[in-house]
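# Survey of secondary and tertiary structure
Residue strings, one per chain:
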Amino acid sequence: MQGVFEEKGPSNRYVAEKEGQMTQEPIRLSGKKTSTFIDKVKELLPDGGNLNLCLTCGACSSGCPATGLEGMDPRKFLRMAALGMDEEVTSTPWVWMCSMCQRCIYVCPMKIDIPRLVYFARQSWPRETRPKGILGSCDMALKNDTCSAMGAGEEDFQFVVEDVLEEYREAQPEFAEMEAPIDKQGAEFFVNQNSREPVTEPDELLPLWKILHTVGADWTYGSKGWAAENYCMFLADDESWKHITQTAVKQADDLGCKVFLNTE
Ligand code: SF4
Ligand code: SF4
């Protein structure tokens, strides 16, 4: 079958109106295809991720921050997968522009798991061809038990935390008793922190500490696994994602913490 599948839903109109000149490319079919990609993904997800229930309403695309990039949007991506356009779906760089925010699932009347479809499309890329920024951050995090994608070690983190805390206690007497413990045995909350704060914006550590102090929370960072970011998840590298997560969870368990408070 030859033909053109025109996408005319609300998301495309929205993008065209919003961007003025921007238009969505129609999906061009070059012949009958048998999809293997979407079928494989369906087998991996509970209830097949509901991937065959799309109503083409466009709600997903209207709120997606990646709509219009690379001429793609979540509805179009799903339609192309459903039409068996495996080569296009597994090669478009758009999959790396999805933020995995899951907004599309929240608004979808059929609760279709598009982010997981995107995730498996990412996995079809050979690891070394995936975006360098995400790849490098994941690999850096794997080098250190802190799990910091910026390569910050245990001593670096401890130095910054103690330095910022001491300075603030002196400057603000009402917070003279505030604490920012690391490896406090038996603390209720295990708290993690994006590496960006201790490495580049140390003063940004303070708002969270002040909240925890004000509510009287019994909390601690871990010397291991304190870094909250997990670029290995965005890289769609299951083993590395699991390693990063296990490192942090093990530290929380070893300290006897009851609640893992993920700040990312
Ligand atoms: S919101 Fe759901 S049903 Fe509507 S187009 Fe998107 S995936 Fe399909
Ligand atoms: S998860 Fe991805 S596809 Fe879904 S709304 Fe967010 S950016 Fe868009």
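My aim in this report is to walk through the structure given alongside it, one point at a time. (Residues numbered from 1 in each chain as written. Chains lettered and ligands numbered in written order. Predicted model: local features only at pLDDT ≥ 70, side-chain atom pairs only at ≥ 80, totals over all residues. Heavy atoms only, no water.)

Turning next to the packing of helix 4 (residues 74-82) against helix 7 (residues 114-123). Each pair of packed helices gets described by two things: the angle between the helix axes and the distance between those axes. Viewed as axis vectors pointing N to C, helix 4 and helix 7 meet at an angle of 65°, and their least axial separation amounts to 11 Å. Of the two possible hands of crossing, helix 4 and helix 7 adopt the one that is left-handed. Together, Pro-74, Phe-77, Leu-78 and Ala-81 of helix 4 and Ile-114, Leu-117, Val-118 and Ala-121 of helix 7 make up the contact between the two elements. Of the residues assigned to the contact of helix 4 with helix 7, the class counts are eight nonpolar, no polar and no charged. (Axes fitted to C-alpha atoms, helices over the stretch in contact; angles between N-to-C directions. Helix = DSSP H or I, 4+ residues; strand = E, 2+ residues; numbered from the N terminus. Left-handed = near helix turned anticlockwise from the far one by under 90°. Contact = heavy atoms within 4.5 Å. Nonpolar A, V, L, I, M, F, W, Y, C, P; charged D, E, K, R; others polar.)

As a further point, take the site of ligand 1. Around ligand 1, the surrounding shell holds 13 residues, and the nearest of these are Cys-54, Cys-57, Gly-58, Cys-60 and Cys-108. Listed by contribution, the elements that provide at least two residues to the shell around ligand 1 are helix 3 (59-62) and helix 4. The residue inventory of the shell around ligand 1, partitioned by class, reads ten nonpolar, two polar and one charged. (Near = heavy atom within 4 Å.)

With a phi angle near 60°, Asn-50 is a residue other than glycine that sits in the positive phi range. Structurally, Asn-50 is set in the loop between helix 2 (37-44) and helix 3.

What follows deals with the layout of surface pockets. Sizing a probe to match a water molecule and rolling it over the atoms shows the empty space that remains. In this structure, the largest pocket encloses a volume near 350 Å³. Looking at the largest pocket, it is lined by 17 residues, and the ones nearest its centre are Ala-228, Glu-229, Asn-230, Asn-262 and Glu-264. For the lining of the largest pocket, the leading source of residues is helix 13 (residues 238-255), giving four residues. Among the residues forming the lining of the largest pocket, the class breakdown is nine nonpolar, six polar and two charged. (1 Å grid on protein atoms, 1.4 Å probe; cavity = no way out; pocket = protein on both sides within 12 Å on 5 of 7 lines; lining within 4 Å. Points joined across faces, edges and corners; volume = space filled by probe spheres on them.)

A word on the packing of aromatic side chains. Considering all chains together, one arrives at ten aromatic pairs under this definition. With a centroid separation of 5.8 Å and an interplanar angle of 90°, the aromatic rings of Tyr-119 and Phe-120 are classed as edge-to-face. With respect to burial, Tyr-119 and Phe-120 carry one shared label: buried. Their ring planes at 75° and their centres at 5.0 Å tell us that Phe-157 and Tyr-221 sit as a pair that is edge-to-face. (Phe/Tyr/Trp six-rings, centres within 6.5 Å; stacked < 30°, edge-to-face > 60°. Buried < 20%, exposed > 50% of the residue type's maximum accessible area, 1.4 Å probe, protein only.)

Worth remembering: the numbers are spatial, not functional.
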